[in-house]
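# Residue-level structure breakdown
Take a look at the letters that make up each chain.
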Amino acid sequence: MKRRDFLKYTAPAAILPTLINGFSVKAFGASPMLDALSTASADNDHVLVMIQMTGGNDGLNMVIPLDLYGKYQAARSNIAIQEGKVLRLDNYLKSGLHPSMTGVQKLYNDGKVSIVQSVGYPSPDFSHFRATDIWLTGSNSNEVLTTGWAGRYLDTKYPGFPDGYPNTEAPDPLAIQIGSIVSPAFQGPNASMGIAITSATDFYNLIDGITDPVPNTKWGKELEYIRLIAKQTNSYEQAITAAAKKVTSQGAYPANNSLAEQLKIVARLVAGGLKTKLYMVSTGGFDTHANQTEGGDTSKGGHANLLGGVSDAIKAFMDDLKGLHASRRVVGMTFSEFGRRIKSNYSMGTDHGAAAPIIIFGDYVNQGVLGNSPTLPDSSSVIDNIPMQYDFRSIYASILEQWFCVDQTVLKSILREDYQRLPLVSGVACGTITSLPDLSTDGKKLITNSPNPFTNYTTITYITGSGNTLVQIFDTTGRLVGVPVNKVHAPGTYTFTFDAHNLPNGIYYARFQNGAIQQVRPMLKVN
Amino acid sequence: MDRRQFLTLSPDRHQTRTANTIARTDSGITPYTGTWDTLQRIHLLKRTLFGVSPANINTFNSLSMQQAVDTLLTAQPDPAPPVNNYGIDATGVTPGATWVKAPLGDEMLERKRIASYKAWWTGQMINQPASIHEKMVLFWHNHFVTETGMVNDSRFIYQYNLTLRKHALGNFRDLTKAITLDPAMLVYLNGYLNSKGAADENYARELHELFTVGKGPDSHYTEDDVRATARVLTGFRVDRTNIVSLFDTTQHDITNKTFSSFYSNKVISGKTGTEGATELDDLLKIIFLQPEVAKFICRKLYRFFVYYDIDAATEQNVITPLADIFRSSGYDIKTTLNALFTSEHFFDPLNMACLIKSPADFCIGVCREYGIPFASDYTNQYKGWAVVHDRAAAMLQNFGDPPLVAGWEAYHQAPSFHELWINTDTLPKRNRFTDGLVGSTGFNGLRIDTLAFANQLPNPQDPVALVADSLDILYRVGVSVALKDFLKNTILLSGQAPDSNYYWTQAWQAWKASPGDATLKDNVETRLQALYKYIMDLSEYQLS
């Protein structure tokens, strides 16, 4: 990976944020900011903090669709958030946040949050275990990868790890998990690229001594692994302790909040100058099959407490980083192994679902909500799921490209396909200048079908710009039924016939994607 | 090669630590007829018990292989239940009396009772007789998971432990039914809220995915199967006064439930009234017809007791025939374990010493290996047990609270499996625990008496024999002469000339002659402490 120098930026000095349909772009002016950036370390010192919400977060109650409130309320009347209590976002009317997420709301209105709607993948898996593996390895739902997406990225930068590490070029851990177990996301081809710590200063010294050679047997393999860990623990202890020692005071964090405690450690290490690029923290309890909200007041209850905890922790983290003058180095994202069912159950909870929104935060993150409110059927049944608008690997690809300045060809080897890139992070972060395309699809019919409802066949029409065009068809559970279009087009209007005579009746979604644009069209097959 | 390891990376990507480079074996479950000696005995004992004491080794010295396995597979009676070791109990349980049938307490009290339960359970494992029963309770806890933090009812949790205990070496079908109706499980996976009209799928899904057929390549249950199962299970409720489960006929879905081709398209007729509860029996009958059930469970047993890697040869030579035995025995656990523990595969040298000790093996094992004494009064006894539990939890194995319903990652997360127990956070914790135990002040009230341990060995005055005999008990793998010399010369002989073994012999004999003499005792004890500390700090100690 070559070091990149930041370009001296000579474009117009537009310092005020530009708003394009609620999606704001920071176009930083010349001199002070960029001088600071270019005289800073020539190496890209950007950090990504991943916040795993374990259990399957109910995204539909985290980002509530105000423009579809009637349908939302009807689908889950026993747990729907009261319309008046939904937190409003500046310059954006279509959705709002759960009432307990005042911290994230404030960050959004300060221009530091991007919300991406309905993130998922084709034919989603509904088991925690499998779905988590999919998100962490970046695999398709019908394949198994034994490396993590972040592990593969780190492998492109630090090939051969751990042999020869740490060294003067890479003295610090490549990735850190706050906790005791290293996430599979960090699994590289040879070893895990990450280390686990539960505290910034609590380590234990091991004795180095004679070690016998390892035979070519099962126990030899395990012995070799254990010795490797023993060595690793020793190597990074000094680097981590040295960084931690440089930070002697931090801002306030909420009490009794395990996520806040983890983020506090991250802030300390980042501010202390540790060169580690990736951090993973996690918080659980999101598998809300029952009693998600309080009966009397749906804005309160178990899920409200969880979201409030996450929001407060993120806000405290961002404030602390600002106070430590380290906030510009950090981008954070939340994710969960799946969202939950549109229709609630009688236990005042929700069962496993599919797509859900993601929150991305940071000084350089472009403010806005990407995508439309989740598509809801007029009358939800127990099997209906939120159709995906964006693939989760697009999120990874976008962050890798815009924040870690990863080349397009390298991106493809990490994620194994060319995923749609979304404008999540300000273009100046990687020294590239991007103009923001108009991504809103309000009032535009980029994909339609007729007749609708239909019996066996329907004609689908789409309008595309240049470049690759993708049309996917999903059923209401999220299962990928077909990919009728996936090729490069000249700009124009195109039609094809969708043959559904072998498919059961019900709701289908046609998802259109071209460049950074997408639109989902609900279709109904009847008798 | 692990079945799940699709090669999805580009072919020229070089993997230096692939399973392909390791010596493989084709041994199966035909009965073992080879050498039956110390090596095999200790292997069997360390896999079926938590650590092995010199006393265990002595007892089993006189037993044949089948006698040894028979002894180890004998079910044990229920132990005495946990008691109030926390003091004030608003529901009236006096200190020293048991709380397991008392009324539900408030949040504070329940927390104390759960702590009492966890200490008690740890104590049962530490005091285990020479039987696999305690390990099977832990195995089933990792399979039919509940978490105390989500059940929030100490009486239910204790009852759940009894359910596991009762069937641990019995019949797996009976166990599955008992767990489905267990009050703690009904709370944990929302079964007690499952009602007709809008069934709650939580338990239904896990019944297939985690408890019976699993989610491997040969498991093809469908989402519709999950929904149908949820409807079969509607209506069960819990009784917090009598600590049992009940059946509410008004909440039961009485429609017919149809299953997929994976389950032979069977249909369960909906039944009204109290008969509705028997739909569970119909359901289990259908599920257990599926051959994959036996295989799934046998793979789990294999991973827990033998090794994590199930290559094609192991699947064919071990799992498949073992599953046949399991299935044709009507799902009898003891019969199946007997076949596994008397097999060629189990005693194949290539399959020994390769299991990384779980925190249970490590923490409870060290207590049993060295015979660490615990207090005899229950207050201090529970305190000591709680220290051990706390250490295991810090090393990622919190008995009673696995991280998720799938159990501890080390038993299911590919590709690392048991390597997940060992990382840059937990390895130092293991080292610090044993270093503390072997030091002069001990670890939170627990201490290894190195003199007592050495004194049990056949020839402790000879430093060469002392090192060799200690390693026989503490390690599963052989070590080089260079390492043994280092241990003797640098540690026992404090760096004196290597041919001066008599320095140690003299010191040992002097102490034995005047055991009360503080200086003489100190001479040998400091060296023994350094010796065992070093032995336990090396990576070899982590293998079982």
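Residues numbered from 1 in each chain as written. Chains lettered and ligands numbered in written order. Predicted model: local features only at pLDDT ≥ 70, side-chain atom pairs only at ≥ 80, totals over all residues. Heavy atoms only, no water.

## Quick word on the overall build of chain A
- When helices and strands are counted, chain A shows 10 helices and 21 strands.
- Buried positions account for 62% of the 527 residues belonging to chain A.
- Partitioning the intrachain contacts of chain A with sequence separation of at least 6 by distance along the chain shows that 72% fall at a separation of at least 24.
- Accessible surface, chain A: about 19,600 Å² in total, of which carbon and sulfur atoms supply 52%. (Helix = DSSP H or I, 4+ residues; strand = E, 2+ residues; numbered from the N terminus. Buried < 20%, exposed > 50% of the residue type's maximum accessible area, 1.4 Å probe, protein only. Contact = heavy atoms within 4.5 Å. Areas by Shrake-Rupley, 256 points an atom, 1.4 Å probe, with all protein chains shown as cover.)

## Let's talk about the packing of helix α13 (residues 291-305) of chain B against helix α14 (residues 312-328) of chain B
Residues and elements named next belong to chain B.
- Close contact between α13 and α14 brings their axes to 8 Å; oriented N to C, the two are set at 120°. Looking at the two axes, α13 sits oblique to α14. Two packed elements cross with a definite hand, and for α13 against α14 that hand is right-handed. Residues Pro291, Ala294, Lys295, Ile297, Cys298, Arg299 and Tyr302 of α13 lie in contact with α14, whose contacting residues are Thr314, Glu315, Val318, Ile319, Thr320, Leu322, Ala323, Phe326 and Arg327.
- Here the residues of the contact of α13 with α14 sort into 10 nonpolar, 2 polar and 4 charged. (Axes fitted to C-alpha atoms, helices over the stretch in contact; angles between N-to-C directions. Parallel < 35°, antiparallel > 145°, perpendicular 65-115°, else oblique. Left-handed = near helix turned anticlockwise from the far one by under 90°. Nonpolar A, V, L, I, M, F, W, Y, C, P; charged D, E, K, R; others polar.)

## Re the pattern of salt bridges
- Within this structure, the stated rule accounts for 44 salt bridges over all chains.
- With its nearest N and O atoms 3.1 Å apart, the salt bridge here joins Arg113 of chain B to Asp89 of chain B. Pair noted here: Arg113 of chain B is in helix α4 (residues 107-126) and Asp89 of chain B is in the loop between α3 (65-72) and α4, with a separation of 24 residues, a long-range link. Of the two residues, Arg113 of chain B and Asp89 of chain B, both sit in the buried class.
- If you follow the salt bridges from partner to partner, you end up with Arg341 of chain A together with Glu201, Arg205 and Glu223 of chain B in one network. (Salt bridge = Lys/Arg side-chain N within 4 Å of Asp/Glu carboxyl O.)

## Re helix α21 (residues 463-474) of chain B
All names here are of chain B.
- With 12 residues, α21 extends 16 Å from end C-alpha to end C-alpha; this agrees with the ideal 16 Å at 1.5 Å per step.
- Buried residues of α21: Pro463, Ala465, Leu466, Val467, Ser470, Leu471, Ile473 and Leu474, and no others.
- Two or three places before Val464, at the start of α21, stands the capping residue Asp462, its side-chain oxygen 2.9 Å from that residue's backbone nitrogen. (Expected span 1.5 Å × (residues − 1). Polar contact = N/O pair within 3.5 Å; in protein donor to acceptor, adjacent residues only side chain to side chain.)

## Focus: the sheet that holds strand β4 (residues 63-65) of chain A
All names here are of chain A.
- Ordered in space as β4-β6-β5, the 3 strands form an open sheet in which the pairing is antiparallel. In this open sheet, the two strands that pair with only one neighbour each are β4 and β5 (87-89). Averaged over all neighbouring strand pairs, the angle between strand axes comes to 45°, with direction disregarded.
- Set on the sheet, helix α3 (residues 102-109) makes contact with β5 and β6 (92-97); between it and β5 the angle comes to about 15°. (Pairing = 2+ DSSP bridges.)

## With respect to the interface of chain A and chain B
- Listed by partner, the interface residues are 63 residues for chain A and 73 residues for chain B.
- Taking both sides of the interface into account, the surface hidden between chain A and chain B amounts to around 6,000 Å²; carbon and sulfur atoms contribute 57%.
- Across the chain A-chain B interface, the total number found is 4 salt bridges.
- Residues Arg227 of chain A and Glu540 of chain B are paired through a salt bridge, measuring 2.8 Å at the closest nitrogen-oxygen approach.
- The tally of links between chain A and chain B comes to 15 residue pairs in polar contact (both at pLDDT 80 or more).
- Of all the secondary structure elements, the ones that give two or more residues to the side of chain A that touches chain B are α4 (128-137), α5 (149-157), β9 (194-197) and α6 (218-245) of chain A.
- Element by element, the count of residues in the side of chain A that touches chain B is highest for α6 of chain A, at 13 residues.
- For the side of chain A that touches chain B, a count of residues per class yields 26 nonpolar, 20 polar and 17 charged. (Buried area = accessible area lost by both parts, 1.4 Å probe.)

## Let's talk about the state of the cysteines
- Enumeration according to the criterion identifies 1 disulfide over all chains in this entry.
- Between the sulfur of Cys405 of chain A and that of Cys430 of chain A lies a disulfide, 2.0 Å long from S to S. Here Cys405 of chain A and Cys430 of chain A share a disulfide; its torsion about the S-S bond, -95°, makes the bridge left-handed. Linking Cys405 of chain A in the loop between α9 (392-402) and α10 (408-415) with Cys430 of chain A in the loop between α10 and β15 (447-450), this pair joins segments that are 25 residues apart in sequence. One exposure class covers both Cys405 of chain A and Cys430 of chain A, and it is buried.
- Left unpaired, Cys298 of chain B is separated from the closest cysteine sulfur, that of Cys354 of chain B, by 18 Å.
- No disulfide involves Cys367 of chain B; its sulfur sits 7.5 Å from that of Cys363 of chain B, the nearest cysteine. (Disulfide = S-S within 2.5 Å.)

## Quick notes on the environment of Leu404 of chain B
- In this structure, Leu404 of chain B sits in the loop between α18 (378-394) and α19 (426-438).
- Here Leu404 of chain B falls in the partly exposed class, since its relative accessible area comes to 26%.
- Along the backbone, Leu404 of chain B and Thr146 of chain B are 258 residues apart, and their C-alpha atoms lie at a distance of 8.6 Å.
- If sequence neighbours within four positions are ignored, Leu404 of chain B has contacts with Thr54 of chain A together with Val145, Glu147, Tyr188 and His412 of chain B.

## Looking at helix α17 (residues 359-369) of chain B
Residues and elements named next belong to chain B.
- Buried residues dominate α17, accounting for 11 of its 11 residues.
- Pro359, Ala360, Asp361, Phe362, Cys363, Ile364, Gly365, Val366, Cys367, Arg368 and Glu369 are the residues of α17 that are buried.
- Taken from the residues just after α17, Gly371 is the one with a positive phi, measuring 60°.

## Some words on the packing of aromatic side chains
All names here are of chain B.
- Per the counting criterion, the structure on display carries 53 aromatic pairs over all chains.
- Measuring from centroid to centroid gives 4.7 Å for Tyr307 and Tyr308, while their planes differ by 50°, and the two rings are tilted. Side by side, Tyr307 and Tyr308 carry an identical accessibility label, which is buried.
- Here the aromatic rings of Tyr382 and Trp385 are separated by 5.3 Å at their centres, their planes lie at 40°, and the arrangement is tilted. Of the two residues, Tyr382 and Trp385 are both situated in helix α18; the distance of 3 residues between them amounts to about one turn of the helix. The pair Tyr382 / Trp385 is uniform in exposure class, with both members buried. (Phe/Tyr/Trp six-rings, centres within 6.5 Å; stacked < 30°, edge-to-face > 60°.)

## Some details on the nonpolar core
- The biggest cluster of nonpolar side chains holds 180 residues, and the ones touching the most others in it are Met136, Trp140, Phe172, Phe341, Tyr370, Leu528 and Tyr532 of chain B.
- Here the element with the most residues in this core is α13 of chain B; it accounts for 9 residues.
- If we ignore the near neighbours within four places in the chain, the residues touching Phe172 of chain B are Trp140, His143, Phe144, Phe211, Phe288, Val293, Ile297, Phe326, Tyr331 and Ile333 of chain B.
- The next biggest cluster of nonpolar side chains, apart from the first, holds 107 residues, and it includes Met62, Ile115, Phe286 and Leu411 of chain A. (Core = buried A, V, L, I, M, F, W, Y, C linked by side-chain atoms within 4.5 Å.)

## Focus on the pairing of strand β1 (residues 236-239) of chain B
Residues and elements named next belong to chain B.
- Going residue by residue along β1, you find Phe236 and Val238 tucked away on one face and Arg237 and Asp239 tucked away on the opposite face as well.
- Two strands pair when backbone bridges link them, and β1 and strand β2 (residues 244-247) are joined in this way by 4 bridges, in the antiparallel orientation. Across the sheet, the residue bridging to Asp239 is Val244, located in β2.
- Connecting the antiparallel pair β1 and β2 is a turn made up of 4 residues, with Ile243 showing a positive phi of about 55°.

## What about the packing of helix α1 (residues 38-48) of chain B against α3 of chain B?
All names here are of chain B.
- Following both chains from N to C, one finds α1 and α3 inclined at 10°, their axes separated by 11 Å at the closest point. Considering their axes alone, α1 and α3 lie roughly parallel with respect to each other. Here α1 and α3 pass one another in a crossing that is right-handed. Of the residues in α3, those touching α1 at Leu44, Leu45 and Thr48 are Ala68, Val69 and Leu72.
- The residue inventory of the contact of α1 with α3, partitioned by class, reads 5 nonpolar, 1 polar and no charged.

## Points about the environment of Pro54 of chain B
Residues and elements named next belong to chain B.
- With respect to the element layout, Pro54 can be found in helix α2 (residues 54-60).
- Exposure remark for Pro54: the relative accessible area of 9% places this residue in the buried category.
- Taking C-alpha positions, Pro54 is 8.6 Å from Phe453, a pair spaced 399 residues apart along the chain.
- Not counting residues within four places of it along the chain, the set of residues in contact with Pro54 comprises Glu369, Phe453, Gln456 and Ile473.

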